[in-house]
Amino acid sequence: MLAGQLELQQTFDNVERKEYLKHKDEVNCFAFSPDLEMMVTGADDGKVRVFNRVAGRLVCRLVAHTGAVKCVAISRDSKLIASGSYDTTVIVWRTCNTQIVYQLKGHARSVETVAFSPDSRFLCSGAWDNTAIIWDLQTGTARNIFTGHRNVIQCCTFSHNNDYLATGSWDHTVRVWPLSRAKMSQCHVLQGHKGNIHSVVFSKLGMLASGSWDKTIRFWNPKDGSHIATLTDHNGWVQAVAFSPDGTMLASVSDDEIVKVWDVKTGECVKTLQGEIDQLQACVFSTDGALIVSGASTLCFEMTKSKKNEDNNKKDEDELNVRGSSSEQSGDAK
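Reading the values: rules and limits
Residues numbered from 1 in each chain as written. Predicted model: local features only at pLDDT ≥ 70, side-chain atom pairs only at ≥ 80, totals over all residues. Heavy atoms only, no water. Helix = DSSP H or I, 4+ residues; strand = E, 2+ residues; numbered from the N terminus. Buried < 20%, exposed > 50% of the residue type's maximum accessible area, 1.4 Å probe, protein only. Contact = heavy atoms within 4.5 Å. Areas by Shrake-Rupley, 256 points an atom, 1.4 Å probe, with all protein chains shown as cover. Pairing = 2+ DSSP bridges. Core = buried A, V, L, I, M, F, W, Y, C linked by side-chain atoms within 4.5 Å. Salt bridge = Lys/Arg side-chain N within 4 Å of Asp/Glu carboxyl O. Polar contact = N/O pair within 3.5 Å; in protein donor to acceptor, adjacent residues only side chain to side chain. Axes fitted to C-alpha atoms, helices over the stretch in contact; angles between N-to-C directions. Phe/Tyr/Trp six-rings, centres within 6.5 Å; stacked < 30°, edge-to-face > 60°.

**Student:** How would you sum up the overall build of the protein? Please name residues and give values.
**Tutor:** The secondary structure content of the protein amounts to one helix and 30 strands. Residues counted as buried form 56% of the 334 residues belonging to the protein. Long-range pairs, those at least 24 residues apart, make up 45% of the contacts in the protein with a sequence separation of at least 6. When the accessible area of the protein is evaluated, it comes to approximately 14600 Å², of which 44% is carbon and sulfur surface.

If you want it as structure tokens, here you go:
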């Protein structure tokens, strides 16, 4: 295990840093396409901006919101962009021609998070009204409304197999909602964090990770809501977490301007990356293992690449079935 750890520590090198200066107001959010060629941002001026990340060029501005844009997302096929705003609406845009596909209205307060399902058929939005809504993108109507959180829903994500939706809230809990109609009422409430939940993400193997302003990261089994492990090496609020494509590594960024890379199997921090990026807000892995991290204050990012691992290192999904504390089951789905 020590040799593997040392090898991993030597695979990240700082190779690129860029700045994007086309914003006239504070940047609140950004998202990357799966191939990392497109970057989308949302700002307090109510505009969504689309960049060619590789060329560092602004492609277009999407203008329709009447309030600050608080969240953005790109569908897995890169054909759609979603944005949520302080104006309480969610707008779905078509990437090829920047036309509005749907303007979704259903939240009573500011929309803080949006996420596409892996098949791009559904979109989830979470808001200050403590609700999460799943929208059917074939019809533009609300498919499900999830209630139960006692405070703002700050983040949401679908599992890779579309079996679960996870939501994170300022009530310090993560909720896992089964998406099959037969099990939809069996919500798992994951408790243990002592601060706001700012990021949730599933690995392809099915593990769930949550990052919190209590400076910790927690691993969970979404099938039964059990707690697997807690990572405690950050000194600042954890703003974002991301699994590597093979699920063996987790990256995390915090407002102490530190990026950490963790070995998922052992829970050990195997690499700490620190650069001149203020207010780190997001991180994402590319399909070949490159890691991009972004800071909202200056909208610059730093790319670090990892060597391709020829071995798949696939772990049996049964490893998720680690004994842990049972979760509370509550919440409503309509």
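**Student:** An account of the pairing of strand 27 (residues 291–295) is requested, with residue identities and associated values reported.
**Tutor:** Within strand 27, five of the five residues are buried, which leaves it mostly tucked inside the rest of the structure. The side-chain alternation of strand 27 yields two buried faces, one formed by Leu291, Val293 and Gly295 and the other by Ile292 and Ser294. Inspection of the sheet shows strand 26 (residues 280–285) paired to strand 27 by five bridges, in the antiparallel sense. Pairing of Val284 across the sheet is with Ile292, part of strand 27.

**Student:** Provide a residue-level description of the nonpolar core, including the pertinent values.
**Tutor:** Burial of nonpolar side chains together is a common tendency in soluble globular proteins. Ranked by internal contacts, the top residues of the largest apolar core, which has 16 residues, are Val92, Leu104, Val114, Phe116, Leu123 and Leu137. For this core, the elements supplying multiple residues, two or more each, are strand 6 (69–74), strand 7 (80–85), strand 8 (89–94), strand 9 (100–105), strand 10 (111–116), strand 11 (122–127) and strand 12 (132–136). At three residues, the largest contribution of residues to this core is made by strand 10. Residues in contact with Val114, not counting those within four places in the same chain, are Cys71, Val72, Ala73, Ala82, Gly84, Val90, Leu123, Cys124, Ser125 and Cys156. Core analysis: the second largest hydrophobic core is formed by 15 residues, Ile134, Phe146, Leu165 and Cys187 among them.

**Student:** Which residues make up the pattern of salt bridges, and what are the values?
**Tutor:** Summed over all chains, the structure comprises three salt bridges. When the shortest N-O distance is used, the salt bridge between Asp45 and Arg49 registers 2.9 Å. For Lys70, the salt bridge identified is with Glu112, shortest N-O distance 3.0 Å. You can see Lys70 sitting in strand 6 and its partner Glu112 sitting in strand 10, a full 42 residues away along the chain.

**Student:** I'd like to hear about the side chain of Thr248, residue by residue, with values.
**Tutor:** For Thr248, the location among the structural elements is in the loop between strand 22 (238–243) and strand 23 (249–254). Separated by 2.8 Å, the side chains of Thr248 and Asp246 make a polar contact.

**Student:** Lay out the sheet that holds strand 4 (residues 47–52) with the relevant residues and their values.
**Tutor:** In spatial order, the strands read 2-3-4-5; together these four strands make up an open sheet with antiparallel pairing. Of all the strands in the sheet, just strand 2 (27–32) and strand 5 (57–63) have a single pairing partner and so form its edges. Strand-to-strand twist of the sheet, defined as the mean angle between neighbouring strand axes without regard to direction, takes the value 20°. When strand 4 meets strand 5, the two strands line up antiparallel, connected through six bridges. Following the sheet pairing, Val50 is matched in strand 5 by Cys60.

**Student:** Before we move on, could you go through the sheet that holds strand 22 and cite the residues and values that matter?
**Tutor:** Strands sit in the order 22-23-24-25 across an open sheet of four strands; the sheet is antiparallel. In this open sheet, the two strands that pair with only one neighbour each are strand 22 and strand 25 (269–274). The average angle at which neighbouring strand axes cross in this sheet is 20°, direction not considered. Of the strand pairs in this sheet, strand 24 (residues 258–263) and strand 25 are connected by five bridges, and their pairing is antiparallel.

**Student:** Before we move on, can you summarise the packing of aromatic side chains with the specific residues and values?
**Tutor:** Counted under the stated rule, the structure contains five aromatic pairs. Taking 4.6 Å as the distance between ring centres and 40° as the angle between the ring planes, the aromatic pair formed by Phe146 and Trp177 counts as tilted. Taken as a pair, Phe146 in strand 13 (residues 141–147) and Trp177 in strand 16 (residues 174–178) lie far apart in primary sequence, 31 residues in all. Look at Phe146 and you get buried, because its relative accessible area is 1%. Each ring, one from Trp170 and one from Trp213, has its centre 6.1 Å from the other, and the planes form 45°; the classification is tilted. Of the two residues, Trp170 sits in the loop between strand 15 (164–169) and strand 16 while Trp213 sits in the loop between strand 19 (208–212) and strand 20 (217–221), which places them 43 residues apart along the sequence. On the basis of relative accessibility, which here comes to 24%, the residue Trp170 falls in the partly exposed class. Members of the aromatic cluster, each reached through a chain of ring pairs, are Trp128, Trp170, Trp213 and Trp237.

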